[in-house]
Structures are given as structure tokens and as C-alpha cells.
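# Structural overview for review
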Amino acid sequence: MKKIILLTFVSLFSCSSLLAAGGKPNVVFVITDDQGMGDLGCTGNPYIKTPNIDKFHDQAVRFTNYHVGTTCAPSRAGIMSGRHCNRVNVYHTINGRSLLFEDEVILPEVFAQNGYVNGMFGKWHLGDNYPFRPQDRGFDEVVMHGGGGIGQGPDYWENDYFDDTYWHNGELQSYEGYCTDVFFAEAIKFIETNKDKPFFCYLSLNAPHSPYNLPKEYYDLYQGEEYKELNARLLRFYGMISNIDDNFQILENKLDELGLTENTILIFTTDNGTSAGRSVYNAGLKGGKGSQYDGGHRVPLFIRWPNGELTGGKDIDELVANYDLLPTFVDLLGLQFNPKNPLDGKSLKPLLTEENPAWENRILYIDTQREQNLIKYKKYVVMDDNWRLVDGNKLYNISEDRGQENNVFDQHPEVASRLAEGYETWWNSFLEDGVDERYAYIKVGSPKENPSRLSAHDQIVGRYTPAWHQHGAIEGAQSTGKWKIEFVEDGDYSIALRRFPRESGLAINATFPAEEGRLEVEQTAPAGVKDDFTEARLYVASISKSQKIRDGQEEVVFKGHIPAGKYDLEAQLIDSGNRVHPAYYLYIEKL
């Protein structure tokens with residue numbers, strides 16, 4: 001029988017004492033990207049400089065056994081929905097499988113329904129088009145880059161972390177400064193503007209995701225004799241984290257200045273295991289980003305709320321997960337919420353507020369899919385308080401073997417069998433939900449977004465290619481696939497196929513030299529040398545057309561009448577060898 005949690009949460013008497021002192025608390029949620037358990041001084045790293053987050057750690061309640069997805073978007077989906085990422089169409093970071101289903105009621109919507117004003121700053125990675133954007137999902141103020149990282153396909157052309165252009169409430173706006181500095185500064189503006197009302201500030205950073213671009217002062221911070229044995233990429237990675245640490249202190253100072261610290265729930269966490277630090281220090285864990293071992297998904301979670309008596313450096317060792325956070329906020333703050341779908345999460349309020357809470361030995365599940373469709377038995381772990389069953393044939397006693405070095409599968413068949421049975425029930429619950437048969441459709445022709453700018457990032461393809469990235473467009477990466485598109489109204493539409501986005505000003509067959517390197521930027525754009533695209537093809541609804549590509553042409557435009565409905569759309573660029581490439585960018589406009 002499928003084990004679910006389906007509750008109606010209402011304001012409870014037990015919440016009143018926590019809320020009485022200062023009214024509804026504010027929530028500031030800071031989440032970093034690709035920073036693992038070992039990438040902080042307070043978790044034992046001997047090299048990294050994070051004095052401000054270390055101090056916060058000492059003041060906070062710390063969950064020591066908190067688990068997320070193994071990559072970026074899946075972790076964010078669980079936090080936002082209170083449900084496992086596989087249920088909500090977010091089990092990849094590209095490929096149309098990072099678009100959080102429209103019918104999910106997510107965290108900012110819950111806050112909005114309870115009188116909060118909501119701001120989101122940085123990395124969203126749950127959809128760049130209507131109806132998946134943060135401003136479509138309950139956020140009032142949004143400053144975001146595109147896709148899963150600055151410089152990826154959906155992002156503004158040639159953003160490189162410095163003086164970039166981001167989307168401000170859906171409109172492009174230029175910003176001066178380093179990306180992390182910008183996102184913290186915009187979050188602080190939001191807090192200042194809304195200091196007299198309850199707010200939810202979701203500060204979701206791109207850093208320290210690769211490429212490891214950083215200001216020179218933070219590069220210089222890790223130069224010297226004591227770092228000579230560490231590789232250059234790791235030192236850049238650490239520098240990005242030290243920049244976050246300095247900004248975290250600026251944020252805390254502003255909360256103090258505004259008199260908000262006591263009644264603000266301040267959270268620091270990360271989205272998956274380390275991308276760069278595992279070879280040097282990994283807090284005793286095995287694996288990093290993308291791994292089904294604990295190092296891939298066991299990350300820091302620090303929470304401080306002075307008015308709620310969540311302070312004092314307390315450790316909570318029970319097994320918990322990212323999808324527990326939504327029901328925890330609802331329960332802890334007495335928010336009204338009627339879930340449309342059963343939650344996988346469980347409120348952590350008893351662990352936070354009770355001295356000796358009754359807490360079951362839960363079984364939790366994590367996998368790394370990163371495929372077009374869900375695949376059973378793919379890179380998975382089944383966890384309870386004491387055990388980890390990895391890929392069905394490796395069993396670790398995590399209470400005695402934190403580094404998962406000693407496989408005791410043969411010695412404890414009864415434990416392995418119990419956890420394996422749990423996995424079968426869990427997997428079947430996805431089939432019962434019909435998740436394996438659903439897609440998320442980008443809606444076009446709506447007043448909410450017209451025209452719609454799409455990229456190959458969200459094209460559904462059968463096998464991985466780098467076409468989803470800006471560098472893939474430059475290099476002419478091949479792929480064939482479809483976009484899932486819903487035309488919301490009957491009408492005449494213009495569909496423009498491009499190799500490069502409009503802001504680039506580049507022709508389809510443009511050539512250009514590689515970007516010049518500089519110390520602050522680890523990875524620069526490659527040279528554009530491919531110049532033999534000859535034809536553009538479009539297939540959608542009853543449209544099946546092709547056009548020759550002219551010299552100097554930036555986009556190929558097709559027009560036609562399309563009835564409202566859901567369609568598979570194919571848009572292709574064909575080269576002189578008759579090889580198929582995607583239109584790396586599409587602009588769809590209802591005329």
C-alpha cells in the first residue's frame with residue numbers, strides 16, 4: 001500500500017506562543033549551488049574561509065542528516081512542492097524534465113495565500129517560460145538568470161557572472177557587479193521595501209556552480225604556500241564560497257539594522273553534493289554531485305529563529321529530506337494549506353520544538369535519473385536511520401560506516417529485503433500517479449508571455465548532446481527532438497528559428513574568434529566556426545515547411561494559423577551534410 005501524507009494544515013493553538021511575540025515571522029531562505037557538506041569551515045574543512053556562515057552555524061539549529069536531490073533542479077522541486085521530484089516532472093536539469101508541473105501548489109503560493117509578499121533572487125531552474133516561471137508561481141519580485149546556470153542556453157547571451165543581464169519580473173535588465181553580489185543586493189532591497197509586512201525571501205544562488213568565475217580579490221584569497229597542493233579549480237570554487245560568506249554577513253547585518261533578526265527564520269542550505277571539493281575534504285562522506293552515495297545528497301541545513309527559540313547550536317540527527325520543508329513551514333507557522341496532491345514530506349516541527357519527540361524510523365528514497373523518462377533501478381538509494389541500500393546490491397550501516405566503505409549486504413539480508421521492498425512500493429506509486437505518461441507543456445500565445453523565447457535546453461531528446469548550452473549553439477551540436485507546446489488560443493502565429501538569440505545580433509552562419517581569457521573567468525566562449533547551415537524546417541500542427549537560409553540571415557520566420565491545443569513541435573537547422581541540428585532558439589508570437 002502506498003504510504004502518503006495527506007493533511008489539511010490550519011492554524012494551531014500550539015503555534016500561537018511562537019507567533020505572538022512578533023506576529024508572522026519573515027523567512028529568508030539562502031540556498032547555494034553545488035556546495036557539499038564538506039565545503040564549510042564549520043563542518044571541518046581546513047582550507048576554506050567561511051567565518052560568517054561558521055558563526056551562524058554555531059547560533060542555529062542544525063540538521064545533520066538532511067537529504068536533497070543529487071542535482072540542482074530536483075532539489076529545488078522537492079523544496080518547493082513538498083513532494084519527491086520524480087512526481088513533479090523534475091528529475092533532470094534539462095530536456096523538458098526540469099519544468100515543475102503547473103498543477104502543483106508550491107511554497108511561495110502557500111505563503112502568498114497566507115498574507116506574505118514573496119521575492120526570488122538568482123537561480124530558479126524550474127522553468128523559464130509561462131506557466132513555470134517564478135512570477136507565475138507566487139513570487140511578487142523576481143530577479144533571475146535563465147536555465148540551471150549563468151551562461152546556459154536559456155540565459156541571456158554571453159552572461160559570464162560579471163555585469164550581466166537578468167530577468168526582472170519578466171523583463172530584461174542590466175546589472176553591474178558580480179552575480180552573487182547582485183542577487184544578495186537585490187534580496188536586501190526587497191527586504192528593505194517589505195520590512196513592515198511578512199515576507200518570504202528565496203535567495204537561490206548560482207554560485208559556486210561551474211564555471212568557477214569569481215572576482216579577483218577572492219581568487220587572490222586562496223593564493224599562497226598553504227594552498228599549493230590544491231588544484232586551481234578547487235581554489236576558484238572555494239573563492240566563490242568565501243564571496244557567498246561575505247554576502248551572508250551583509251545580509252545578517254541588514255536584518256539587524258532593520259530590527260528583523262529576532263522574528264526572521266534565516267536558513268542556510270545547499271542543493272546537492274560538492275562539484276569540486278570531494279577529493280580534498282568531504283566531511284567523511286562518499287561521492288559528490290550526482291552520486292547516490294551520501295556525499296551526493298547529504299548537505300548542510302542550518303535554521304535560526306530567535307523568537308521561535310530555534311537557536312543555540314543544537315544538532316538534530318534524525319533522517320529528514322528537502323520535501324519536509326514545505327509541511328514544516330505550514331505546521332510551524334500555522335499556515336492554511338489544503339494540498340491538492342498527497343505530500344511526501346512530513347513536518348519537522350516536533351524535532352525543532354520538542355525535547356524528546358516521538359519520531360518514526362522513516363524510509364526515504366533518492367535516485368539520479370537525468371533521462372528523458374523515469375528508469376527503474378537507476379542510481380538509487382533507500383535510506384533509514386541506520387542503513388543505506390545502494391543500487392539494490394550494496395548495504396551500509398551508516399551509523400558505523402559514514403564513508404560507506406564496508407558493504408554488508410550478505411551479512412544482513414533481512415535489512416536489504418525490507419529496504420528493497422520499500423523501493424518497489426515507492427516506485428509503483430509513480431506509476432499509480434501516472435507520472436511516467438505526463439509531460440509539462442510550455443504555453444504560448446498567452447498575454448502572460450508573448451512572444452515566448454525558447455531554447456534547446458527544454459527540447460525533449462532521446463540522447464544527451466550539448467545543444468542545450470550556449471556553447472552547443474556556437475559549436476553546432478547535433479540533436480533531434482521535440483518541444484512540448486500548448487498554443488492557448490486559436491490564431492495566427494509567427495515562429496522564428498534561430499541559431500543564436502536575438503540579443504546576440506548574430507547571423508545563423510556567423511563566425512567569430514574565441515573569447516579572450518581573463519583571470520576572473522575560468523571558461524570563455526569557444527570560437528564560432530561552423531558556417532554551413534543551409535535550410536530550416538518547422539513541423540507543428542498542420543505546418544510542415546522548410547526554407548533555404550540566406551547569407552547573413554539571423555532567423556527564419558514561419559507564419560501560419562494554429563488551432564488551440566497541445567502539440568509536439570520540431571524545429572531544425574540542416575547543414576551542408578544534411579545533418580540535423582535543433583533551432584537552438586525559438587521565438588513564438590501570437591500575431
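Residues numbered from 1 in each chain as written. Predicted model: local features only at pLDDT ≥ 70, side-chain atom pairs only at ≥ 80, totals over all residues. Heavy atoms only, no water.

This paragraph deals with helix H10 (residues 413-433). Think of an α-helix as turning once every 3.6 residues; residues three or four places apart then point the same way. Spanning 21 residues, H10 covers 31 Å between terminal C-alpha atoms, matching the ideal 30 Å at 1.5 Å per step. At the C-terminal side of H10, glycine 434 shows a positive phi close to 75 degrees. (Helix = DSSP H or I, 4+ residues; strand = E, 2+ residues; numbered from the N terminus. Expected span 1.5 Å × (residues − 1).)

Pairing between side chains becomes possible if they bear opposite charge and their charged atoms approach one another. This structure, assessed with the given rule, holds 39 salt bridges. Two residues, lysine 216 and aspartate 220, come together in a salt bridge whose shortest N-O distance is 2.7 Å. Of this pair, lysine 216 and aspartate 220 both sit in helix H6 (residues 216-220), four residues apart, which is roughly one turn of that helix. Take aspartate 220: its relative accessible area is 34%, and that puts it in the partly exposed class. (Salt bridge = Lys/Arg side-chain N within 4 Å of Asp/Glu carboxyl O. Buried < 20%, exposed > 50% of the residue type's maximum accessible area, 1.4 Å probe, protein only.)

Now for the confidence of the model for the chain. Looking at the chain as a whole, its pLDDT mean stands at 95, while 96% of the residues score no less than 70. Throughout residues 1-14 the model reports pLDDT below 50, and contacts reaching past four residues in sequence, or to other chains, amount to 30 contacts. (pLDDT = per-residue confidence, 0-100. Contact = heavy atoms within 4.5 Å.)

Take the packing of helix H2 (residues 51-59) against helix H7 (residues 232-257) next. Each pair of packed helices can be described by the angle between their axes along with the distance between the axes. Where H2 contacts H7, the two axes come as close as 7 Å, and the packing angle between them is 55 degrees. Between H2 and H7, the angle falls in the class oblique. Residues Pro51, Asn52, Ile53, Lys55, Phe56 and Gln59 of H2 touch H7, and the partners they reach there are Ile244, Asp245, Asp246, Phe248, Gln249 and Glu252. For the contact of H2 with H7, a count of residues per class yields five nonpolar, three polar and four charged. (Axes fitted to C-alpha atoms, helices over the stretch in contact; angles between N-to-C directions. Parallel < 35°, antiparallel > 145°, perpendicular 65-115°, else oblique. Nonpolar A, V, L, I, M, F, W, Y, C, P; charged D, E, K, R; others polar.)

Glancing now at the sheet that holds strand S15 (residues 387-390). Here four strands make up an open sheet; going across it, the order is S13-S14-S15-S16 and the pairing antiparallel. Across the chains shown, the open sheet's two edge strands, defined by having one partner strand only, are strand S13 (364-367) and strand S16 (394-397). Taking each pair of neighbouring strands and ignoring which way they run, the sheet shows an average axis angle of 15 degrees. In this sheet, S15 lies alongside strand S14 (residues 380-383) in antiparallel orientation, the contact comprising three bridges. Residue pairing in the sheet places valine 381 in a bridge with valine 390 of S15. Strand contacts of H10: S13, S14, S15 and S16, with the helix running at about 65 degrees to S15, the strand carrying the most contacts. (Pairing = 2+ DSSP bridges.)

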